[in-house]
Amino acid sequence: MVWCARSGAIGCSLTLAAIGAVVVMLSTAFNGADESQHQKIGKRSSSSMDAGPSDSIMALGVPLSGSPEEPIRLDLSGVKEEEEEVQERSQRTRFDKAAPTNVSGLTGTSAYLHCLVHNLGNRSVSWIRQRDLRIMTVGRYTYTTDQRYEVINSPGSKDWILKIKYAQVRDSGTYECQVSTKPVTSYVVRLNVFSAPQAQIIGAPDMHVDMGSTINLTCTIAHSPEPPAFIYWYHNGKVVNYDSPRGGITVVTERGNTTSGYLLIQDARASDNGNYSCVPSNTAATTLRVHVLNGEAPAAMQTNGVRSLLARPSGLLYYPLQVLCFLPLLTLVVGDVLPPIAPRGRGT
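Predicted model, so just to flag it, every value in this text is computed and none were measured.

> Is there a simple way to explain the overall build of the protein in this structure?
The secondary structure content of the protein amounts to 5 helices and 22 strands. Here the protein, with 348 residues, has 24% of them falling under the buried criterion. Long-range pairs, those at least 24 residues apart, make up 57% of the contacts in the protein between residues at least 6 apart in sequence.

> Please explain the pattern of salt bridges as it appears in this structure.
Pairing of side chains with opposite charge becomes possible as their charged atoms draw close. This model, assessed by the stated rule, comprises 7 salt bridges. As a salt-bridge pair, Arg129 and Asp132 come within 2.7 Å of each other at their nearest N and O atoms. Here Arg134 ties to Asp132 by a salt bridge, and the two come within 4.0 Å at their closest N and O atoms.

> What is the right way to look at the sheet that holds strand E9 (residues 161-164) in this model?
Two pairing modes exist for strands in a sheet, parallel and antiparallel, and in both the strands are linked by backbone hydrogen bonds. Strand order in the open sheet formed by 3 strands is E3-E9-E8, with antiparallel pairing between adjacent strands. Looking at the sheet topology across the chains shown, the edges are occupied by strand E3 (111-113) and strand E8 (149-152). Strand-to-strand twist in this sheet, taken as the mean axis angle between neighbours without regard to direction, amounts to 25°. Pairing of E8 with E9, which is carried by 4 bridges, proceeds in the antiparallel orientation. Bridge pairing links Glu150 to Lys163 in E9.

> I keep staring at the pairing of strand E18 (residues 259-265) and nothing clicks. Help me out?
The side chains of a regular strand alternate between both faces of the sheet. When you tally the buried positions in E18, you get 5 out of 7 residues, the bulk of the element. Strand direction decides the pairing type here: strand E14 (residues 215-222) and E18, joined by 7 bridges, are antiparallel. Each residue of the ladder has a partner; that of Thr220, found in E18, is Ser260. In this structure, the hairpin formed by strand E17 (residues 249-254) and E18 is closed by a connection of 4 residues.

> What should I look at first to understand the nonpolar core in this one?
Generally speaking, soluble globular proteins have nonpolar side chains that are buried together. Within the largest apolar cluster, 24 residues are counted, with the highest numbers of intra-cluster contacts made by Leu113, Val117, Trp127, Tyr175 and Leu191. Broken down by element, this core gets its largest block of residues, 4 residues, from strand E11 (residues 185-194). In this structure, Leu263, Ala268, Tyr276 and Cys278 belong to the second largest nonpolar core, which totals 20 residues.

> Can you walk me through the state of the cysteines in this structure?
Each disulfide is one covalent bond, formed between the sulfur atoms of two cysteines. Here the structure, examined in full by the defined rule, presents 2 disulfides. A disulfide bridge connects Cys115 with Cys177, and the sulfur atoms are separated by 2.0 Å. One disulfide, between Cys115 and Cys177, carries an S-S torsion of -80° and so falls in the left-handed class. Pair noted here: Cys115 is in the loop between E3 and strand E4 (117-118) and Cys177 is in strand E10 (residues 173-179), with a separation of 62 residues, a long-range link. You'll find Cys115 and Cys177 in the same group, each marked buried. Each disulfide pairs two cysteine sulfurs, and for Cys219 the partner residue is Cys278, the sulfurs being separated by 2.0 Å. Between Cys219 and Cys278, the S-S dihedral sits near -80°, and the bridge is therefore left-handed.

> Honestly, the sheet that holds E18 in this entry has me stumped. Any pointers?
Reading across the sheet, the 4 strands line up as E12-E14-E18-E17 and stay open at both edges, with antiparallel pairing between neighbours. This sheet does not close on itself; its edge strands, each paired only once, are strand E12 (198-201) and E17. Ignoring strand direction, the axes of neighbouring strands in this sheet form an average angle of 15°.

> Honestly, the confidence of the model for the protein in this entry has me stumped. Any pointers?
Interpretation of this model should avoid reading the predicted coordinates in detail wherever pLDDT is low. For the protein, the average pLDDT comes to 77, and 59% of its residues sit at 70 or higher. Below a pLDDT of 50 lies the segment residues 45-49, which in the model reaches 2 contacts outside its immediate sequence neighbourhood of four places, other chains included. Across residues 302-319 the pLDDT falls below 50, and counting only partners more than four positions away or on other chains, this stretch makes 8 contacts in the model.

> Help me understand the environment of Asp96 in this model?
Relative to the elements of secondary structure, Asp96 occurs in the loop between strand E1 (94-95) and strand E2 (102-106). Expressed as a C-alpha distance, the spacing of Asp96 and Leu116, which sit 20 residues apart in the sequence, is 5.2 Å. Non-local contacts of Asp96, meaning those with residues more than four positions away in its chain, are made with Leu116, His118 and Tyr187. Here His118 takes part through its side chain, which lies 3.1 Å from a polar atom of the side chain of Asp96.

> So what exactly am I meant to see when it comes to unusual backbone geometry here?
Among all residues except glycine, the phi angle is most often negative; among peptide bonds, the trans geometry is most common. For the bond running from Lys182 to Pro183, omega is -5°, close enough to zero to count as cis. A positive phi angle is found at Asn119, which is not glycine, with a value near 55°. Relative to the elements of secondary structure, Asn119 occurs in the loop between E4 and strand E5 (125-129). In this structure Asn119 comes out as partly exposed when scored by relative accessible area, which is 33%. Even without a glycine there, the phi angle at Asn236 is positive, about 55°.

How each quantity is defined
- Sequence order as written defines residue numbering, which begins from 1 separately in each chain.
- In keeping with the predicted nature of the model, local features appear solely for residues at pLDDT of at least 70, side-chain atom pairs appear and are counted solely at 80 or more, and the whole-chain, interface and lining totals rest on all residues.
- Just so you know, side-chain values use all the structure's heavy atoms and leave hydrogens and water out.
- Strands here are runs of E lasting at least two residues and helices are runs of H or I lasting at least four, both read from the DSSP assignment and numbered beginning at the N terminus.
- Only protein chains enter the calculation, and the probe is 1.4 Å; a residue is then buried if its accessible area is under 20% of its type maximum, exposed if over 50%, and partly exposed in between.
- Note on contacts: a residue pair qualifies if any of its non-hydrogen atoms lie within 4.5 Å across the two residues.
- Salt bridge, as used here, is a side-chain nitrogen of Lys or Arg placed within 4 Å of a carboxyl oxygen of Asp or Glu.
- Strand pairing follows a simple DSSP-based rule, namely that at least 2 bridges must link the two strands.
- Working convention: axes come from line fits to C-alpha atoms, limited for helices to the stretch in contact. Angles between N-to-C directions cover 0 to 180 degrees.
- Nine residue types can take part in a nonpolar core, namely buried Ala, Val, Leu, Ile, Met, Phe, Trp, Tyr and Cys, and a core is a set of them joined through side-chain atoms within 4.5 Å.
- When two cysteine sulfur atoms lie within 2.5 Å, the pair is treated as a disulfide.
- Every residue carries a pLDDT, the predictor's confidence in it, which falls somewhere between 0 and 100.
- Between N or O atoms, a polar contact is any pair within 3.5 Å; within protein, one atom must be a potential hydrogen donor and the other a potential acceptor, and residues adjacent in sequence are included only when both atoms are from side chains.

As structure tokens, this is what we get:
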């Protein structure tokens, strides 16, 4: 304003007009720039809606790589290789470890060794006995001359079972299930065959007891891989009732390598005569016959380990024969002790 006062009214007016024109020009320029910028943003927004996710990211000005012009190319080759490896592993021939590796059995029974194979394809399964490296079976065919061995595999089944009929203790050992891969893969199974348990009542087949005495029966179970779960006693086909009104009946079981079961019946009476059976849970029954005597002495009865005189051979010739056996010895003894007898003459 000071300058306008010095220049006069005309000069001041011209100056203000010039300044106003410049302001108008600048305002117009800024407004045009804003409109063009809004148009560009609108175009980008519409194009980003039509484009894919990566194009949208680029439209928003966020590049996927260090270069502002080109997006990042994700390298999925590692993921693909891992997927292929997983797929190949799932198709690879392998054994199912759910099959038992330790099998136990008793003599005379059948033993079953299992081998579960996944993705067998056109490969074959063989059973080998490691003790002598003998091939027992190949596929569904039996190669050993021992007819107790056979392989069981139904069509479509993954289980290749080696069956051993009438197993013996000598069949115990390690067996190998082999698959014809390169290299050969195998699954090892251990077989343990134990002698079948045997039950026996001591004193069988007959026991003689005096009336009023105690009947003591002892049943032993030997060659058992584990003690029997229970032992039942039967009298003439009926289970012995320990809580019967008769009373005096006791049962004791001692478990171990050899299990013993005891049946004690006090005050033996005539009704206690008959067959007594010991029936363990893991083997066949065994039987003994009890005879309750009323003052009798049977020929077969043992008394303090000495056989009764009634058990000696009978007959009239028994004692005369004994005398004849000792007669030569008696003659020698008498001849040495007695002096010789001189013959007497007629005239003396």
